[in-house]
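Spelled out from the first residue to the last, the chains are:
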Amino acid sequence: MIAPDVETAIDELQELVEAARVIAPFTGAGISTECGIPDFRSPGGLWTKNKPIPFDEFLASQEMRDEAWRRRFAMEAQFSAARPGRGHLALASFYRAGKAPAVITQNIDNLHQSSGISAEHVIELHGNNSYALCLGCGKRYELSWVRQRFTDARERAPDCADCGGHIKTATVSFGQAMPEREMRRAEQLTLDCDLFLAVGSSLVVWPAAGFPLLAKRNGARLVIINREATEFDEIADVVIRQDIGTVLSPFIVH
Ligand code: NAD
């Protein structure tokens, strides 16, 4: 059922939240747009400007690795200036109240952690772009280190100082394996919850998009908050096609 207006949406959500024993929040890029980080698929979103670089292309060419890092550093100002939005703060309030044991996110922007959710309770399905990893030995690199080398080498992506492997932001690219532990934890929370809140995701990126479906099949209530239609609107108990910050701000508890 599509909530007809913001007030009804908030009332319905309030009832479901109060009745819920365990909430599983599941977030996508839409929760961070009000923080200044564009999503992929909205008009003017990242997708329309830069098609993502698939993992095999990153591995195959130095030019692609250079380009990946050029794009990452071009977005540095946006990412480092971003602060949690109203959606993040509302979900952090559910977490503090003991209603949401963790958050499952497709986002890579670290904003759930900044909103006060402990890092161990942020289940990042697509990794995190605030640091980098060597694809060979797994060594962690800070972006400042990568940037220095990149700049010194005239925009050439550096390789690992220890093993020579390629260094990549700690994100999961298209074509790259999903992190097994995070997938297991997300599945567990999905199965444990009685209210699954999909917030700001177009729900087209798989396998992440399978979680709302799994929750619903397992008997949980499913609420989708997204300003555009999604593929799962038909099976949702409540569909809220409104601005995320507006709908979730009444749930913020300071
Ligand atoms: P998406 O871009 O496919 O979908 C975002 C959805 O959010 C869109 O349907 C859009 O209509 C909606 N939306 C945007 N702002 C909104 C608002 N204020 N209120 C309500 N709805 C709003 O994003 P996705 O489903 O997360 O998939 C894209 C992939 O890209 C993700 O897997 C993620 O890893 C990555 N990504 C992450 C970030 C980030 O970390 N902030 C940003 C862009 C892309």
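About the thresholds
Residues numbered from 1 in each chain as written. Predicted model: local features only at pLDDT ≥ 70, side-chain atom pairs only at ≥ 80, totals over all residues. Heavy atoms only, no water. Domains from an automatic or database assignment. Contact = heavy atoms within 4.5 Å. Buried area = accessible area lost by both parts, 1.4 Å probe. Salt bridge = Lys/Arg side-chain N within 4 Å of Asp/Glu carboxyl O. Pairing = 2+ DSSP bridges. Helix = DSSP H or I, 4+ residues; strand = E, 2+ residues; numbered from the N terminus. Phe/Tyr/Trp six-rings, centres within 6.5 Å; stacked < 30°, edge-to-face > 60°. Buried < 20%, exposed > 50% of the residue type's maximum accessible area, 1.4 Å probe, protein only. Near = heavy atom within 4 Å. Polar contact = N/O pair within 3.5 Å; in protein donor to acceptor, adjacent residues only side chain to side chain. Nonpolar A, V, L, I, M, F, W, Y, C, P; charged D, E, K, R; others polar.

### Brief notes about the domain arrangement of the protein
Entries for the protein in the domain assignment read domain 1 (1–35 + 83–126 + 178–254) and domain 2 (38–81 + 127–171). Tallying the contact residues gives 16 residues for domain 1 and 13 residues for domain 2. Note on domain 1 versus domain 2: buried area summed over both sides is about 1000 Å², and carbon and sulfur give 44% of it. When the buried area of domain 1 at its contact with domain 2 is split by residue, Arg83, Ile108 and His126 rank highest and sum to 36% of it. Seen at the junction of domain 1 and domain 2, the total is zero salt bridges.

### Examining the pairing of strand S4 (residues 127–134)
Pairing of S4 with strand S6 (residues 167–171) involves five bridges; the strand directions are antiparallel. Of the residues in S6, the one forming a bridge with cysteine 134 is isoleucine 167. Sheet analysis places S4 next to strand S5 (residues 140–142), joined by three bridges and oriented antiparallel. Counterpart to alanine 132 in the pairing with S5 is tyrosine 141. Counted between consecutive antiparallel strands, the loop separating S4 from S5 contains five residues, among which glycine 138 sits at a positive phi close to 85°.

### Considering the pattern of salt bridges
The full count for this structure, using the stated rule, is 10 salt bridges. Between arginine 241 and aspartate 233 there is a salt bridge, with the nearest N and O atoms lying 2.8 Å from each other. Linked by salt bridges that have partners in common, Glu67, Arg70, Arg71 and Glu155 make up one network.

### Section: the packing of aromatic side chains
Between two aromatic rings, the relevant description is the distance of the centres plus the angle of the planes. All chains considered together, the criterion is met by six aromatic pairs. On the numbers, 5.6 Å between centres and 35° between planes, the contact of phenylalanine 26 with phenylalanine 196 is tilted. Of this pair, phenylalanine 26 sits in strand S1 (residues 23–27) while phenylalanine 196 sits in strand S7 (residues 195–199); the two residues are 170 residues apart in sequence, bridging distant segments of the chain. For phenylalanine 26, a relative accessible area of 0% translates into the label buried. Taken together, Trp69, Phe73 and Phe150 form an aromatic cluster joined through their ring pairs.

### Quick word on the environment of arginine 147
Following the sequence through the fold, arginine 147 ends up in helix H8 (residues 143–152). Given a relative accessible area of 38%, arginine 147 falls into the partly exposed group. With 47 residues separating them in the primary sequence, arginine 147 and alanine 100 have C-alpha atoms 37 Å apart. Setting aside chain neighbours within four positions, we find arginine 147 in contact with Phe73 and Glu76.

### Thoughts on the site of the ligand
The local shell around the ligand holds 27 residues, among which Phe40, Arg41, Gln106, His126 and Ser202 are the closest. At a separation of 2.9 Å, an oxygen atom of the ligand approaches a polar side-chain atom of asparagine 226. Partitioning the shell around the ligand into residue classes produces eight nonpolar, 13 polar and six charged.

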